[in-house]
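# Fold and contact review
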Amino acid sequence: MGDAATLPSMIAALTADPGWREPMAFLYRAEAIDQLDLHLVGASGASLRAQAEGLIEAMEAIDRELFDFLRGRIRRGEARQALSPWIASEVMPGQHYDALDALLAGVLAIDEPDVADPAPPPEMVFYQPSPARHIVDGIRRASISASDAVLDLGSGLGHVPMLVHMLTGARARGVEREPAYVDSAARAAFGLGLGRGEVAFTAMDARDADMTGVDVFYLFTPFLGTVLRDVLAKIETEASRRPLRVVALGPCARSFARMPWLHSRDPDPAATDRIVVFRSSP
Ligand SMILES: C[S@@+](CC[C@H](N)C(=O)[O-])C[C@H]1O[C@@H](n2cnc3c(N)ncnc32)[C@H](O)[C@@H]1O
């Protein structure tokens, strides 16, 4: 299908259909913007391009109003109800991002800092956010609730603690080695009205984190090798004191799967393309 044939028919269909103007129709708009962007590549004809770009601008303006509306609800303590229309029950494996990530980018409004030296030290992994559907999946599978204290080890820009707290009411902390990420995460949490008793971020090496009282550890493979070994030893010490859960995403799940003091009901505890939940052995 050529661009010249497709773009006019898309524009005609969207012009005739008022559905995308509905504020809650975020997924419809996200899909339409993707398609328009795709068909704009290499499209010729100034008037056609202007119409397509005008539609995209109109859709993005409605998205911005939706983000403001949802941020207002989050500030009023209604985060779970506000976000529930976009939380799917089925979770696709894999590292790709989807419309939930796009929605949260607008709602959380985290400014991504320029990090002077983006190359991490040996054994430490560079920043990459967990796809939001996996965070939601981890919350469900680990049964995280308001009575839990959650610690994200290597919290990056803070999506995990913010989303975990907003969806469950759990106290959620993050520790992160890059201070600029911590500043951005803390600013975003403050902007959403999340107090430090609810969501907090600290710039530090995960090996030095205070793990006292933590019920749930979240790790999206932040480090490997001896760093992971040292952190695992600290988590094991905590596990000797109380039952705890580890929510793992990515290759670090393989290391947890080898620990005799952890068990998982997952049919494949070494899976790396989705969340695996481990529980300390009684
Ligand atoms: C793959 S990202 C995960 C970010 C976040 N947890 C999420 O799931 O969206 C890993 C993060 O761990 C951080 N990190 C790596 N080594 C660390 C260490 N030793 N202590 C604290 N943070 C570390 C990196 O800077 C990076 O932001």
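Residues numbered from 1 in each chain as written. Predicted model: local features only at pLDDT ≥ 70, side-chain atom pairs only at ≥ 80, totals over all residues. Heavy atoms only, no water.

So, on to the layout of surface pockets. What the largest pocket holds in volume is close to 560 Å³. Residue lining of the largest pocket: 38 residues in total, with V125, F126, Y127, G154 and E176 positioned closest to the centre. Elements that contribute at least two residues to the lining of the largest pocket include exactly β1 (149–153), α7 (159–168), β2 (171–176) and β4 (216–220). The class makeup of the residues in the lining of the largest pocket is 22 nonpolar, 10 polar and 6 charged. Counted as a void, the second largest pocket has a volume near 230 Å³. If you trace the second largest pocket, you find 13 residues lining it, with W86, A88, D98, L100 and R133 closest to the centre. Those elements giving two or more residues to the lining of the second largest pocket turn out to be α5 (99–108) and α6 (132–141). A per-class count over the lining of the second largest pocket returns 10 nonpolar, no polar and 3 charged. (1 Å grid on protein atoms, 1.4 Å probe; cavity = no way out; pocket = protein on both sides within 12 Å on 5 of 7 lines; lining within 4 Å. Points joined across faces, edges and corners; volume = space filled by probe spheres on them. Helix = DSSP H or I, 4+ residues; strand = E, 2+ residues; numbered from the N terminus. Nonpolar A, V, L, I, M, F, W, Y, C, P; charged D, E, K, R; others polar.)

The next subject is the packing of aromatic side chains. This structure, assessed with the given rule, holds 3 aromatic pairs. Aromatic side chains Y127 and Y181 sit 5.1 Å apart centroid to centroid with 50° between the ring planes, which places their arrangement in the tilted category. Taken as a pair, Y127 in the loop between α5 and α6 and Y181 in helix α8 (residues 179–191) lie far apart in primary sequence, 54 residues in all. The interplanar angle of 40° and the centroid separation of 5.8 Å between the aromatic rings of F256 and F278 together place this pair among those described as tilted. Of this pair, F256 sits in helix α10 (residues 252–257) while F278 sits in strand β7 (residues 275–280), placing them 22 residues apart in sequence. Take F256 and F278: they sit in the same class, and that class is buried. (Phe/Tyr/Trp six-rings, centres within 6.5 Å; stacked < 30°, edge-to-face > 60°. Buried < 20%, exposed > 50% of the residue type's maximum accessible area, 1.4 Å probe, protein only.)

Shape descriptors only; they carry no functional weight alone.
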